[in-house]
Amino acid sequence: MNKADRIVQHIVELQYRLCQVENNLQYIKVTQALKRSLEKFYGLLMNDQKLMSQYQSTYIGWFYTGLGHSLYDRVCNSLIEYRNGRRPFDNVH
């Protein structure tokens with residue numbers, strides 16, 4: 001398995017883990033890790049045209065907007081919202 005495959009697998013695992021979080025600490029840690037991994041994937045593809053063509057559909061799916069925001073945009077927006085005090089588990093009883 002090459003480096004790009006490992007990063008893709010890690011991003012998919014982080015997306016799954018994000019659906020399983022139970023509190024704000026877990027949420028922010030997984031969201032930050034997801035952002036770092038997406039940026040690592042982006043950087044890897046920007047430096048290698050062959051990899052870019054191989055992972056083009058994955059790249060487009062994660063970084064380009066279709067209807068609404070891309071995955072990367074949603075992750076960044078979630079981190080901004082969290083930093084501004086809007087936390088997903090604050091109102092859970």
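Just so it is clear, the model here is predicted, and its values are computed rather than measured.

Asks: Can you tell me about the side chain of Ser 70, naming the residues and giving the values?
Replies: For Ser 70, the location among the structural elements is in the loop between helix H4 (56–63) and helix H5 (71–83). Within polar-contact distance, the side chain of Ser 70 engages the backbone nitrogen of Asp 73 at 3.1 Å. The contact partners of Ser 70, leaving out residues within four places of it in the chain, are Trp 62, Phe 63, Tyr 64 and Thr 65.

Asks: Give me the lowdown on the state of the cysteines, citing residues and values where you can.
Replies: Enumeration according to the criterion identifies zero disulfides in this entry. Cysteine Cys 19 is unpaired, with the sulfur of Cys 76 as its nearest cysteine sulfur at 18 Å. Judged by its relative accessible area of 64%, Cys 19 falls in the exposed class. Residue Cys 76 is classed as buried on the basis of its relative accessible area of 18%.

Asks: Give a description of the environment of Val 30 that names residues and reports values.
Replies: By the element assignment, Val 30 lies in helix H2 (residues 24–46). Assessed through its relative accessible area of 5%, Val 30 is described here as buried. Residues Val 30 and Gly 68, spaced 38 residues apart in sequence, show a C-alpha to C-alpha distance of 22 Å. Leave out the neighbours within four places in its chain, and Val 30 touches Leu 14, Arg 17, Leu 18 and Val 21.

Asks: Mind laying out the packing of helix H1 (residues 3–20) against H2, listing which residues take part and the relevant values?
Replies: The N-to-C vectors of H1 and H2 enclose an angle of 155°; their axes lie 9 Å apart at closest approach. The angle between H1 and H2 falls in the class roughly antiparallel. Both H1 and H2 take part in a crossing whose hand is left-handed. Contact residues: H1 offers Lys 3, Ala 4, Ile 7, Val 8, His 10, Ile 11, Leu 14, Gln 15, Arg 17, Leu 18 and Gln 20, while H2 offers Gln 26, Tyr 27, Val 30, Thr 31, Ala 33, Leu 34, Ser 37, Leu 38, Lys 40, Phe 41 and Leu 44.

Asks: So what's going on with the packing of H2 against H5? Which residues, and what values?
Replies: At a closest axis distance of 10 Å, the pairing of H2 and H5 adopts a crossing angle of 140°. As summarised for this structure, H2 and H5 are arranged oblique, according to the angle between their axes. Between H2 and H5 lies a crossing of left-handed hand. Along its contact with H2, which presents Asn 24, Leu 25, Tyr 27, Ile 28, Thr 31, Gln 32, Leu 34, Lys 35, Leu 38 and Glu 39, the element H5 presents Leu 71, Tyr 72, Val 75, Cys 76, Ser 78, Leu 79 and Tyr 82. Taken together, the residues of the contact of H2 with H5 break down into 11 nonpolar, four polar and two charged.

Rules of the game
Residues numbered from 1 in each chain as written. Predicted model: local features only at pLDDT ≥ 70, side-chain atom pairs only at ≥ 80, totals over all residues. Heavy atoms only, no water. Helix = DSSP H or I, 4+ residues; strand = E, 2+ residues; numbered from the N terminus. Polar contact = N/O pair within 3.5 Å; in protein donor to acceptor, adjacent residues only side chain to side chain. Contact = heavy atoms within 4.5 Å. Disulfide = S-S within 2.5 Å. Buried < 20%, exposed > 50% of the residue type's maximum accessible area, 1.4 Å probe, protein only. Axes fitted to C-alpha atoms, helices over the stretch in contact; angles between N-to-C directions. Parallel < 35°, antiparallel > 145°, perpendicular 65-115°, else oblique. Left-handed = near helix turned anticlockwise from the far one by under 90°. Nonpolar A, V, L, I, M, F, W, Y, C, P; charged D, E, K, R; others polar.

Function cannot be inferred from these measures alone, as they are strictly geometric.
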